[in-house]
Amino acid sequence: MVLDLVVIGTAITLGPLHNSAFILLLSSQRGARKGLAFLLSWLANLVAVVVCVLLLTGGTPPAHHSTASTAADAAELAIGVGLAGYGGYRHRRPPRPHGPPRWTARVDQASLGTAAGLAWLLQPWALVGAGAAVVVDADLSSLADWIALAVYCLLATLSLAVMEVYALRAPAAADARLNALRTWLAQHQERLIVTLSLVAGLYLTARGIHQLVA
């Protein structure tokens with residue numbers, strides 16, 4: 001479970017779409033506050049999913065090959081196949097020029113509530129769903145599992161937290177460097193999406209098959 005959550009949390013935190021949006025928020029009026037609203041909403045979404053799964057399982061992992069365990073493994077496999085297929089599709093299709101989303105033109109006027117809602121919209125829900133399937137195996141009587149769940153949520157939020165702290169501690173330097181990072185992410189967005197989708201998808205597919213047949 002620990003390795004699965006580390007892989008999924010890393011894939012989530014490296015996603016180019018939400019990182020680009022977060023940098024744009026930080027560069028806007030009241031950017032630090034909007035960034036904090038985005039960050040807290042992002043983390044709250046992750047925690048809420050974990051809590052919902054734990055409430056369903058009672059904090060006790062289901063028996064191996066039970067109905068609940070098989071359903072979770074099948075969900076992990078399905079998400080893995082879907083991500084790998086999506087990565088392959090994005091890799092094969094011809095490159096398409098695209099401009100920034102329409103909402104970027106209104107980011108300066110965005111409220112804190114809008115920033116928080118944007119975090120919900122940009123959450124990579126396929127990966128979050130894979131994380132939920134893994135959390136089914138969490139045992140709340142184990143301190144190690146508590147730590148693994150905390151690390152997963154923090155790891156999936158790490159890139160946002162680092163940028164928020166940087167923007168608060170050195171706003172002038174952060175503005176220039178983070179905007180340069182946003183430009184780089186925009187230039188390499190397609191490659192990053194393909195790579196993350198394929199790596200995470202193939203890993204989850206292999207893990208799902210192993211769990212179902214072992």
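As shown above, the structure is provided for reference.
Our subject in this report is the structure included herewith. Within each chain, residues carry numbers counting from 1 in the order of the written sequence. The predicted origin of the model limits local features to residues at a pLDDT of at least 70 and limits the giving and counting of side-chain atom pairs to 80 or more, whereas totals for whole chains, interfaces and linings rest on all residues. Each side-chain value is derived from all of the structure's non-hydrogen atoms; neither hydrogens nor water enter the calculation.

### Brief notes about the layout of surface pockets
Only protein atoms enter the calculation, which uses a 1 Å grid: trapped sets of points that fit a 1.4 Å probe without letting it out are cavities, open sets showing protein on both sides within 12 Å along at least five of seven lines are pockets, and any residue with an atom within 4 Å of a point is a lining residue. Grid points are joined across faces, edges and corners, and a volume is the space filled by probe spheres set on the points. By volume, the second largest pocket is sized at about 310 Å³. Around the second largest pocket, the lining comprises 17 residues; the ones closest to its centre are Leu-17, Pro-124, Leu-127, Ile-193 and Ser-197. Put simply, DSSP marks the helices as runs of H or I at least four residues long and the strands as runs of E at least two long, and each gets a number from the N terminus on. Looking at the lining of the second largest pocket, the elements that each hand over two or more residues are α1 (2-13), α2 (16-26), α4 (67-92), α6 (125-135) and α10 (189-213). At four residues, the largest contribution of residues to the lining of the second largest pocket is made by α10. Side-chain classes follow a simple rule in which Ala, Val, Leu, Ile, Met, Phe, Trp, Tyr, Cys and Pro form the nonpolar group, Asp, Glu, Lys and Arg form the charged group, and the remainder, Gly included, forms the polar group. In terms of residue class, the lining of the second largest pocket is made up of 14 nonpolar, three polar and no charged.

### Quick notes on α6
Of all eleven residues in α6, eight are buried, a share of seventy percent or more. When accessible area is computed with a 1.4 Å probe and restricted to protein chains, residues below 20% of their type maximum are described as buried, those above 50% as exposed, and intermediate ones as partly exposed. Residues of α6 that are buried: Leu-127, Val-128, Ala-130, Gly-131, Ala-132, Ala-133, Val-134 and Val-135. Contact definition: two residues touch when any of their heavy atoms are within 4.5 Å. The inward-facing, buried residues of α6 contact α1, α3 (31-57), α4, α7 (143-155) and α10.

### Overview of the side chain of Thr-157
Within the element layout of this structure, Thr-157 appears in the loop between α7 and α8 (158-169). Filtering out sequence-adjacent residues up to four positions away, Thr-157 remains in contact with Thr-13, Leu-39, Trp-42, Leu-43 and Leu-46.

### What about the pattern of salt bridges?
By definition here, a salt bridge exists when the distance from a side-chain nitrogen of Lys or Arg to a carboxyl oxygen of Asp or Glu is within 4 Å. As enumerated under the stated definition, the model contains three salt bridges in all. The shortest N-O distance in the salt bridge between Asp-4 and Arg-207 comes to 3.0 Å. Taken together, the residues span a long stretch of sequence, with Asp-4 in helix α1 and Arg-207 in helix α10 at a distance of 203 residues. With relative accessibility at 4%, the residue Asp-4 sits in the buried group. Residues Arg-93 and Glu-190 are paired through a salt bridge, measuring 3.8 Å at the closest nitrogen-oxygen approach. Within this pair, whereas Arg-93 is found in the loop between α4 and α5 (112-122), its partner Glu-190 is found in helix α10, the two being separated by 97 residues in sequence. Its relative accessible area of 28% is what places Glu-190 among the partly exposed residues. By sharing partners, the salt bridges in this structure join Arg-90, Arg-93 and Glu-190 into a single network.

### What about unusual backbone geometry?
At Arg-30, a position not held by glycine, the phi torsion is positive, near 55°. Within the secondary structure layout, Arg-30 lies in the loop between α2 and α3. The class for Arg-30 is partly exposed, based on a relative accessible area of 47%.

### A closer look at the environment of Gly-35
If you trace the backbone, Gly-35 turns up in helix α3. By relative accessible area, which is 0% here, Gly-35 ends up buried. For the pair Gly-35 and Leu-112, spaced 77 residues apart in sequence, the C-alpha separation works out to 8.6 Å.

### Side note on the packing of α1 against α6
Note on method: axes are straight lines fitted to C-alpha atoms, helices fitted across the in-contact stretch only, with angles between N-to-C directions ranging 0 to 180 degrees. It is the contact of α1 with α6, at a shortest axis distance of 10 Å, that shows an interaxial angle of 165°. With respect to α6, the axis of α1 lies roughly antiparallel. In terms of crossing hand, the pair formed by α1 and α6 is left-handed. On α6, the residues touching Asp-4, Leu-5, Ile-8, Ala-11 and Ile-12 of α1 are Leu-127, Val-128, Ala-130, Gly-131, Val-134 and Val-135. Orientation labels follow simple angle bins: below 35 degrees gives roughly parallel, above 145 gives roughly antiparallel, 65 to 115 gives roughly perpendicular, and whatever is left gives oblique. Here is the rule for handedness: rotate from the far helix to the near one, and if that takes an anticlockwise turn smaller than a right angle the crossing is left-handed, while a clockwise turn gives right-handed.

### Some remarks on the nonpolar core
We call a set of buried Ala, Val, Leu, Ile, Met, Phe, Trp, Tyr and Cys residues a nonpolar core when their side-chain atoms join them within 4.5 Å. Ile-8, Ile-12, Phe-38, Leu-46, Val-135 and Tyr-152 are the most contacted members of the largest nonpolar core, which totals 47 residues. For this core, the leading source of residues is α3, giving nine residues. Residues in contact with Phe-38, not counting those within four places in the same chain, are His-18, Phe-22, Leu-25, Ala-115, Ala-116, Leu-118, Ala-119, Leu-122 and Leu-160.

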